[in-house]
Amino acid sequence: MTRSSGGTRGISTRTTRRIRIFFATICGLLLASPLLYMLAGSLMSNSQLSVQPPQVIPSSFHFANYSDAFSGITQVIQPRSFLNSVIFTVGAVGLQWVLCISGGLVIAKMRFRSRNLITAMFAISLFIPLITTLIPTFIVTYELRMINTYPGLILPIAAQTGFGTLLFRQYISQMPEELFDAARIDGANWWTIFRRLAVPLAKPATAAYFAISVLTAWNMYLWPLVAAEGGSLQVLTQTLAVVGTTGQGEVTPQNVIFASVVIVTLPMILVFIAVQRAFIRGLAGSGVE
Amino acid sequence: MTQVTNPRPLNIRVPAAPLPSRTTRRDGRAAALLIGPNLLMFTVFVVVPIVGGLALSFTTWDITNGFPKWVGLANYHRMFADPLVWQAVETTLKFIVFGVVPTIAISLGLAMLINFKFRFVSVVRSLYLIPAAMSFAASAVVWRYIFLDGPGYGVLDYVISRFGITPPDWLASQSWALPALDIITVWLSLPTATILYLAALQRIPDSVIEAAQLDGAGPLRRARFIVWPGVRYMTVLVAIIALLSFTNGSFDLVNILTKGDPIYATQTLVYYIFVNGFSFGFFGYAAALSVLQIALVGGILIVLRLLSKLLNR
C-alpha cells in the first residue's frame, strides 16, 4: 500500500492532494454512473425516466417496480430462472472447485510422468474461448443426451478446469515441501493429505477462486443459451437478454426492466463487495490491498 | 539396477542414471486417482471438443444429413471465398484494437489516480471495481437505454447535445454501432485491468517516487521514467485478459444488442460462427470458422509476445 506521497509538506501539496481526491471521486462516480442510473431508474416512474434534463435523484420512489418485475403483465423474472441460476452457479463452481483443488495438489506436489504435458494442456485451454469450441461441445453434450438437463448445463462448464487448477497449483506449490514430507512420514496417504492439509491451507486461494468463478458462472450467457433452449432451464442472463434485445424491450416498461436488472445484479454486487479483497488477490496474485 | 533378487520389477521406470538430488519417489497411482476426475471431465468437455472441432471442420454436417461427411478442405475453400468472413475478421480486429488499447491506457491512468491513501479510499475504489460484478447481458440492457436515440430519450444523447454536438445514432448507425459496443466492453474491462495495474504500482517502492519528487521530477516525467518501467510487465497480462474479455463480449453484446446489424457492421467472427452453427445448422463450416478464430486469437497473442519482448528489452 502506497502511503500518501504528499503528506503534510506545505500547503501546495495539501491542495494537490485535495484536487487528486476530488478527481479520483469524480472519475469513480463517472465509472459507476451506469449502475447509479440503473438504480435510480429502477425507482422512478416512466414519466420521471423520460424527463429532460434527466433526474439524478428520483423525486418520488416507486418500489412497486420491483414487485412488477416478478409478477403480473409486466413480469420479467420467472422465479424458476432465479432458481436455475442458483443451481447452475452452485453446481458448476462447487464441482469445479473439487476438481481444481485436487488437480492443483497433484500437479504441485506429486511426482508422476506427463506432469508437464498436463500442465501445458491446462494452460493452452485458457486461450481457447468456449465460443470457438461451442459447436463440438454442444455435440458432445447432445450425444450424452444431456441437452436441456441440469447435468448438461453444469458439467461442461464445471469441466473448464484450466484456470482453477493452475491457480491452486500455483498456491499449493508455494507451501513448504517439508510439510508434505512430514505428513507422509507420519503415514498419511495422499487422500488424507488432500483433505487435512491442502484444502485447509489453501483457503485463501479457495476464496479467490470462488470470488472469480461465482461471478463468471452467474454472469454466463453463452453456454446456457445453447444448452438450455427450453424455457424451464433458462437462467437469468437469458431472461435479461430477451428484454435487452432491440425491439422486444418495448413491451415491458423501462422502469420495470431496470428493476429486473438490479434484482439480477444485486446479489453479485453484494458478493463482490464482500469478497472484493479475495477477488483482487486472485487476479493480482498478491500485493494489492 | 542391482536388485536382481527382487521378484517384482519395481524399478522398471527408474532412469538408468538417476537424476542428481532428486528422489525417485513416484506417486503415480495416487496421483492418477486424485487428478483422474478432473482429467476425465477436462478431456470429455474440453480436449475432445477442441480436437473434434478441428476434425469437424473437414466435414459437412448440416443436421439434416445424419452423419458427418468428409469433404476435405471444402469448408476452408468456401471460407476464403466468403466475403462476409473477411468483413467479420476486419470487424473483429477493429473491435479488439479500438477496445483493448483504450482499456490499457484508461486503466493505467485510473490506477495511478487511485494509488494513494485517503480517508474514504476503499469506498472510492469500490466505485471503480463494482462494474466487474455485472454481466454482459445486464450491461447490454442498461447501455441500450443509455444509447437510446430519439427526442426525450437517451441520457448520453442529452449530455452530448448539451455540449452542442449532434449525437450519432449509436447502435442504429453503420459507423457508430461497433464503437458503441466497444464503449460497453471497455467499461466492463476497466475494473480488472485497473486492479492489475494497481497491483503493479504498489510494488514500486514509495522511496523511489519520493526521491524523484525531491529531485524535481514532475508527474509526466515520473510517469515516463518510474511508473511505466514498473508496470510494463503487467501490460501484457492486462492485454491478454482484455483480449479474452473482448472475444466473449463480441458475442454476448452483439447477440443481445445488434444481431450483427446494421448491415453486418457489428458482425464479429464469433457471431458469424454462432449464426452459421446454430441458425443455419452448418456445423462443419462453423467449425472451420472456429479454427480461423482460434488462429486469430493465437496470432494476436504472438504479436503481444513480440511486443512485450520489445518493451521489456
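Cut-off values and rules
Residues numbered from 1 in each chain as written. Chains lettered and ligands numbered in written order. Predicted model: local features only at pLDDT ≥ 70, side-chain atom pairs only at ≥ 80, totals over all residues. Helix = DSSP H or I, 4+ residues; strand = E, 2+ residues; numbered from the N terminus. Buried ≥ 20, exposed ≤ 12 C-beta atoms within 10 Å, placed from the backbone. Contact = placed C-beta atoms within 7 Å. Rg over C-alpha atoms; globule rule 2.2 N^0.38 Å. Domains from an automatic or database assignment. pLDDT = per-residue confidence, 0-100. Axes fitted to C-alpha atoms, helices over the stretch in contact; angles between N-to-C directions. Left-handed = near helix turned anticlockwise from the far one by under 90°. Nonpolar A, V, L, I, M, F, W, Y, C, P; charged D, E, K, R; others polar. Core = buried A, V, L, I, M, F, W, Y, C linked by C-beta atoms within 7 Å. Expected span 1.5 Å × (residues − 1).

(A) Just the overall build of chain B, in detail. When its secondary structure is counted, chain B shows eleven helices and two strands. For chain B, the α and β elements follow one another from N to C terminus as α-β-β-α-α-α-α-α-α-α-α-α-α. The burial tally for chain B puts 41% of its 313 residues in the buried class. Taking the intrachain contacts of chain B between residues at least 6 apart in sequence as the baseline, contacts between residues at least 24 apart amount to 68%.

(B) Summary view of the overall build of chain A. Scanning chain A from N- to C-terminus turns up 14 helices and zero strands. Helices (α) and strands (β) of chain A occur, in sequence order from the N terminus, as α-α-α-α-α-α-α-α-α-α-α-α-α-α. Taken against the 2.2 N^0.38 rule, which gives 19 Å for 289 residues, the C-alpha radius of gyration of chain A at 24 Å runs more than 25% over that of a compact globule. Dimensions of chain A along its principal axes, counting C-alpha atoms only, are 75 × 70 × 30 Å. Put simply, of all contacts in chain A between residues at least 6 apart along the chain, 74% involve residues at least 24 apart.

(C) Structural detail: the domain arrangement of chain A. Parsing chain A into structural domains produces domain 1 (10-71) and domain 2 (79-252). For domain 1 of chain A and domain 2 of chain A, the distance between their C-alpha centres works out to 35 Å.

(D) Main features of the confidence of the model for chain B. Residues and elements named next belong to chain B. Summary statistics for chain B give a mean pLDDT of 83 and a share of 88% for residues scoring 70 or more. The model gives residues 1-22 a pLDDT under 50, and that stretch makes five contacts with residues more than four places away or in other chains. Scoring the predicted complex yields pTM 0.86 and, for the interface, ipTM 0.86.

(E) Inspection of the environment of B:V44 at higher detail. All names here are of chain B. Mapped onto the fold, V44 is located in helix α1 (residues 28-56). Here V44 falls in the partly exposed class, since 17 other C-beta atoms lie within 10 Å of it. The sequence separation of V44 and S126 amounts to 82 residues, and the corresponding C-alpha distance is 39 Å.

(F) Highlighting the packing of helix α4 (residues 79-109) of chain A against helix α11 (residues 203-218) of chain A. Residue and element names in this part refer to chain A. In the contact formed by α4 and α11, the axes pass within 9 Å of each other and the chain directions differ by 145 degrees. α4 and α11 meet at a crossing whose hand is right-handed. Within the contact between the two elements, α4 uses S85, F88, T89, A92, V93, Q96, W97, C100 and I101 and α11 uses T206, Y209, F210, S213, V214, A217 and W218. Classifying every residue of the contact of α4 with α11 gives eleven nonpolar, five polar and no charged.

(G) How the structure looks around the nonpolar core. One finds A:V261 and B:Y197 to be the most contacted residues of the largest nonpolar core, which totals 163 residues. In terms of residues, this core owes the most to one element, helix α7 (residues 177-201) of chain B, which gives 16 residues. Counting only domains with at least three residues in this core, you end up with domain 1 (10-71) and domain 2 (79-252) of chain A. Look past the residues within four positions of B:Y197 in its chain and what remains in contact with it is B:S107, B:L108, B:A111, B:V231, B:M234 and B:V238.

(H) Seen up close, the interface of chain B and chain A. Each partner contributes residues to the interface: chain B has 85 residues there, and chain A has 81 residues. In terms of residue class, the side of chain B that touches chain A is built from 60 nonpolar, 16 polar and nine charged.

(I) Layout of helix α7 (residues 150-158) of chain A. Burial within α7(A) is extensive, with seven of its nine residues counted as buried. Within α7(A), the full set of buried residues consists of A:G152, A:L153, A:I154, A:L155, A:P156, A:I157 and A:A158. Structurally, α7(A) contributes buried residues whose contacts are with α4, α6 (134-143), α11 and α12 (222-227) of chain A together with α1 of chain B.

(J) Summary view of unusual backbone geometry. All names here are of chain A. A positive phi angle, close to 60 degrees, is found at S114, a residue other than glycine. Take S114: there are 10 C-beta atoms within 10 Å of it, and that puts it in the exposed class. In this structure, R145 takes a positive phi of about 60 degrees despite not being glycine. Structurally, the position occupied by R145 is in the loop between α6 and α7. R145 gets classed as exposed once you count the C-beta atoms within 10 Å, which come to 10.

(K) Quick peek at the environment of B:F283. Within the element layout of this structure, B:F283 appears in helix α11 (residues 283-311). The exposure class assigned to B:F283 is buried, which follows from the 24 C-beta atoms found within 10 Å. Apart from the residues within four sequence positions on either side, B:F283 is in contact with A:I135, B:L56, B:W61 and B:G277.

(L) Region of the structure containing α11(A). With 16 residues, α11(A) extends 22 Å from end C-alpha to end C-alpha; this agrees with the ideal 22 Å at 1.5 Å per step. Here α11(A) has its buried residues at A:A205, A:T206, A:A208, A:Y209, A:A211, A:I212, A:S213, A:V214, A:L215, A:A217 and A:W218.

(M) Representation of the confidence of the model for chain A. For chain A, per-residue confidence averages 84 on the pLDDT scale, and residues scoring 70 or more make up 92% of the total. Between the elements of chain A, mean pLDDT differs from a low of 76, seen in helix α2 (residues 46-49) of chain A, to a high of 94, seen in α7(A).

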